[in-house]
Amino acid sequence: MDARRVGGRIAAARRALTGAGALPLPVRITNGLALISLVLSSCDLLRLCSDPDRPLRFPLGGREFATVVCQLASVVYLLSLFAVPFAQSASARREDGQDGSRRSPAAVAPAPMPDCPDDGDEEIVAAVVSGALPSHRLESRLRDCRRAARLRREALRRITGRGVVGLPFEGMDYEAILGQCCEMPVGYVQLPVGVAGPLLLDGRDYHVPMATTEGCLVASVNRGCRAIAASGGAASVLLRDAMSRAPAVKLPSAKRAAELKMFAEAPANFEALAAVFNKSSRFGRLQGIQCALAGRNLYMRFTCSTGDAMGMNMVSKGVENVLGYLRNNFPDMDVISISGNYCSDKKATAVNWIEGRGKSVVCEATIKGRVVQSVLKTTVEKLVELNIIKNLAGSAVAGALGGFNAHASNIVTALFIATGQDPAQNVESSQCITMLEAVNGGKDLHISVTMPSIEVGTIGGGTSLASQAACLNLLGVKGPNHGSPGANARLLATIVAGSVLAGELSLLAALAAGQLVKSHMKYNRSSKDVANAAS
């Protein structure tokens, strides 16, 4: 018989004995009562069997019958405590395969477990609400991700009294996000995706998907793409490709920390450290180690190539291997954290602005004077002056760190969400300096964006979800590049920079022409508000 059915029937007997639905007691109390009943009934039976003046005879008397019933009920109840986990583990072992190795959820999706009348939805929801069944265990217990999300959603409604009415549920592949993208899902958020372009970049056209709720953004980038295409297109250069991770370690003294710094940075030791690091991945290749000292604390910034993955997990694994190797020579090294913020991930820092993180890209275009007038509705002179006063001087007055631009973050975030990147890495990925100058005797406009920390990948994380994979496919960078590992991720980084170039050009033109408020009133408000504004 199926182990899960056996477990279900034993569990049903247990619920009957504990009075599930009839005697709503906490599990700890019923367990204690069963144990006490077992001990007392066992003692009573032993006394009856050993008392010569009152031998145990059949048919049983009232007291003897009650003692036997209590004994049997206690035994069955306590056995069920062990039988259910045993049945579940037996089922799990069978699903793991003959070799005993666990199959990953991404490789083989767990087969949905049919609803069992002994273990119905109502009881599971009640268990989650009461806290007897932790919400995060629903997937492993039910072996059905969609059902788990549905029951978690209902439990949330009962706990909060509000629920999530309006939050879509149908249409999401809950198996695809298990163990990869999101824990304890109850639905998904809808974001509209617009397409700007074509962006003529390095001789190729790209239609750029952007997920955003801000009106005017896609239209603005689209206008920038039109101006770039009408002027012959944009060109990009990838300066560097290196993801970083910087663990923080502590040594007994500052002198000892300095010794480790010199050892890690010594060219003579790089080959050995790289060999240890590179064992962690087929694509991760150590490029360098840069250390910073703060007293007896040492921060070691490892940089490496990561193929088509964004690479945080890859570089972290390699760093752990190197730290284990360094303990051979520095057994007094205390690893405080695998990340000591010198990386620096999801924070605006000078080290990323200066050294770069992920892909470092420069993108440029020369916009013809006639296009500036006909498409952008302004002049070269006004754009150059605006960029100096706003993006350069204004940002300096504000004390900006990598924020010498008009709205690079807008474009980066919209592209990141559409293509399954980590939106939080928009922080450093949006670091950008926009430069404008008049060329060809002042007739034309040269514009460039320099972005040292674009952190993108085309495999892993959210890139495998259907919607995000479709957007990557639209750009021609879906999945790994088998012929040239890393080429897809590098191309995606240049597309991000090219899109930022288009967005910067269009917004600066709107500001120079005084059209920003007018365009937002037209496109960034509801139709009701627009109608009221028009009247």
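What counts, and at which threshold
Residues numbered from 1 in each chain as written. Predicted model: local features only at pLDDT ≥ 70, side-chain atom pairs only at ≥ 80, totals over all residues. Heavy atoms only, no water. UniProt positions renumbered as here; feature names shortened; annotations may be inferred. Core = buried A, V, L, I, M, F, W, Y, C linked by side-chain atoms within 4.5 Å. Buried < 20%, exposed > 50% of the residue type's maximum accessible area, 1.4 Å probe, protein only. Helix = DSSP H or I, 4+ residues; strand = E, 2+ residues; numbered from the N terminus. Contact = heavy atoms within 4.5 Å. Axes fitted to C-alpha atoms, helices over the stretch in contact; angles between N-to-C directions. Parallel < 35°, antiparallel > 145°, perpendicular 65-115°, else oblique. Nonpolar A, V, L, I, M, F, W, Y, C, P; charged D, E, K, R; others polar. pLDDT = per-residue confidence, 0-100. Salt bridge = Lys/Arg side-chain N within 4 Å of Asp/Glu carboxyl O. Pairing = 2+ DSSP bridges. Phe/Tyr/Trp six-rings, centres within 6.5 Å; stacked < 30°, edge-to-face > 60°. 1 Å grid on protein atoms, 1.4 Å probe; cavity = no way out; pocket = protein on both sides within 12 Å on 5 of 7 lines; lining within 4 Å. Points joined across faces, edges and corners; volume = space filled by probe spheres on them.

Within an unreviewed UniProt entry, the label attached to the protein reads 3-hydroxy-3-methylglutaryl coenzyme A reductase, and the organism entered is Hordeum vulgare subsp. vulgare. Of the comments in the UniProt record for the protein, the one headed Subcellular location (unreviewed entry) reads "Endoplasmic reticulum membrane". As its UniProt record puts it under Catalytic activity (unreviewed entry), the protein is described as follows: "(R)-mevalonate + 2 NADP(+) + CoA = (3S)-3-hydroxy-3-methylglutaryl-CoA + 2 NADPH + 2 H(+)".

Chemist: Is there a simple way to explain the nonpolar core in this structure?
Modeler: Nonpolar side chains in soluble globular proteins tend to end up buried together. Of all hydrophobic cores here, the largest spans 55 residues; its most connected members are M210, I367 and L445. Residue contributions to this core peak at twelve residues, all from helix α18 (residues 487-512). For L445, the residues in contact, after removing those within four places along its chain, are A365, T366, I367, V372, V380, L383, V384, L436, E437, V439 and L505. Of all hydrophobic cores here, the second largest spans 27 residues; its members include M243, L260, F263 and V276.

Chemist: What is the right way to look at the packing of helix α8 (residues 217-230) against α18 in this model?
Modeler: Packed helices, taken two at a time, are described by the angle their axes make and the gap between the axes. Their axes nearest at 7 Å, the elements α8 and α18 cross at an angle of 100 degrees. The angle between α8 and α18 places the two elements in the roughly perpendicular class. Touching S220, V221, R223, G224, C225, A227 and I228 of α8 are S499, L501, A502, G503, L505, S506, L507, A509 and A510, all from α18. Across the contact of α8 with α18, the residue classes tally to ten nonpolar, five polar and one charged.

Chemist: Would you mind showing me how to read the confidence of the model for the protein here?
Modeler: Across the protein, the average pLDDT comes to 86, with 81% of residues at 70 or higher. The low-confidence segment residues 1-8 (pLDDT under 50) makes 14 contacts with residues lying over four places distant or belonging to another chain. Segment residues 15-24 is flagged for pLDDT under 50; beyond a separation of four residues in sequence, or across chains, it makes twelve contacts in the model.

Chemist: So what exactly am I meant to see when it comes to the pattern of salt bridges here?
Modeler: Pairing is possible between side chains of opposite charge, provided their charged atoms come close. Applying the stated criterion across every chain, the model contains 16 salt bridges. The partner of E139 in a salt bridge is R152, with the nearest N and O atoms 2.8 Å apart. Placement of the pair is E139 in helix α5 (residues 138-142) and R152 in helix α6 (residues 145-160), with a sequence separation of 13 residues. With a relative accessible area of 12%, E139 lands in the buried category. As a salt-bridge pair, D422 and K346 come within 2.8 Å of each other at their nearest N and O atoms.

Chemist: Looking at this structure, how should I read unusual backbone geometry?
Modeler: When glycine is set aside, most residues are seen to have a negative phi, and most peptide bonds are trans. Cis geometry marks the peptide bond from G197 to P198, where omega comes out at 10 degrees. Counting through the fold element by element, P198 comes out in strand β1 (residues 193-201). Residues C343 and S344 are joined by a peptide bond in cis, for which omega reads 0 degrees. Here S344 lies in the loop between β7 (334-337) and α12 (350-355). For D202, which is not glycine, the phi dihedral falls at a positive 55 degrees. With respect to the helices and strands, D202 occurs in the loop between β1 and β2 (204-211).

Chemist: Help me understand the pairing of strand β10 (residues 432-439) in this model?
Modeler: Two faces belong to every sheet, and in a regular strand the side chains alternate between them. Here strand β9 (residues 403-404) runs beside β10; their pairing, made up of two bridges, is parallel. Within β10, the position partnered with G403 by the bridge is C432. In this structure, β10 lies alongside strand β11 (residues 444-454), joined through seven bridges in antiparallel fashion. Within the sheet, the bridge partner assigned to A438 lies in β11 and is L445.

Chemist: Got a minute to help me understand the pairing of strand β6 (residues 297-305) in this structure?
Modeler: Most of β6 sits inside the fold, with seven of its nine residues counted as buried. For strand β3 (residues 235-245) and β6, the ladder comprises three bridges, and the chain directions are antiparallel. What sits directly across from M243, in β6, is C304. Relative to β6, strand β4 (residues 248-250) runs antiparallel, the two being bridged by three bridges. Bridging across to β6, V249 finds its partner in L298. Examined bridge by bridge, strand β5 (residues 285-294) and β6 share nine bridges and lie antiparallel to one another. From the neighbouring strand, I289 faces β6, where its bridge partner is F302. Taking the residues between adjacent antiparallel strands as the criterion, β5 and β6 are bridged by two residues, where G295 takes a positive phi near 65 degrees.

Chemist: What is the right way to look at the side chain of T458 in this model?
Modeler: Here T458 lies in the loop between β11 and α17 (466-475). Ignoring sequence-local partners within four residues, the contact set of T458 consists of D308, T463, L472, V477, G479, N488, A489 and L492.

Chemist: I'm lost on the packing of aromatic side chains in this one. Help?
Modeler: Two measures describe an aromatic ring pair: the distance that separates the ring centres and the angle between the ring planes. Tallied over the full model, the rule gives four aromatic pairs. Note on F277 and F302: the rings are 6.4 Å apart at their centroids and 10 degrees apart in plane angle, and the pair reads as stacked. Linking F277 in helix α10 (residues 267-278) with F302 in strand β6, this pair joins segments that are 25 residues apart in sequence. Here F277 and F302 have matching classes, each one buried.

Chemist: Hey, could you run me through the side chain of N426 in this one?
Modeler: With respect to the helices and strands, N426 occurs in helix α16 (residues 426-429). The residues touching N426, leaving out its near neighbours within four places in the chain, are S409, V412, T413 and F416.

Chemist: Whenever I open this one, the layout of surface pockets confuses me. Can you help?
Modeler: One simple way to see leftover space: roll a probe sized like a water molecule over the atoms. Space inside the second largest pocket adds up to approximately 1,300 Å³. The wall of the second largest pocket is formed by 44 residues, among which C181, G420, G462, L465 and Q468 lie closest to the centre. Of all the secondary-structure elements, those providing two or more residues to the lining of the second largest pocket are α7 (174-177), α11 (312-326), α15 (408-419) and α17. Examining the composition of the lining of the second largest pocket, we find that four residues originate from one element, α17, more than from any other. Taken together, the residues that form the lining of the second largest pocket break down as 23 nonpolar, 16 polar and five charged.

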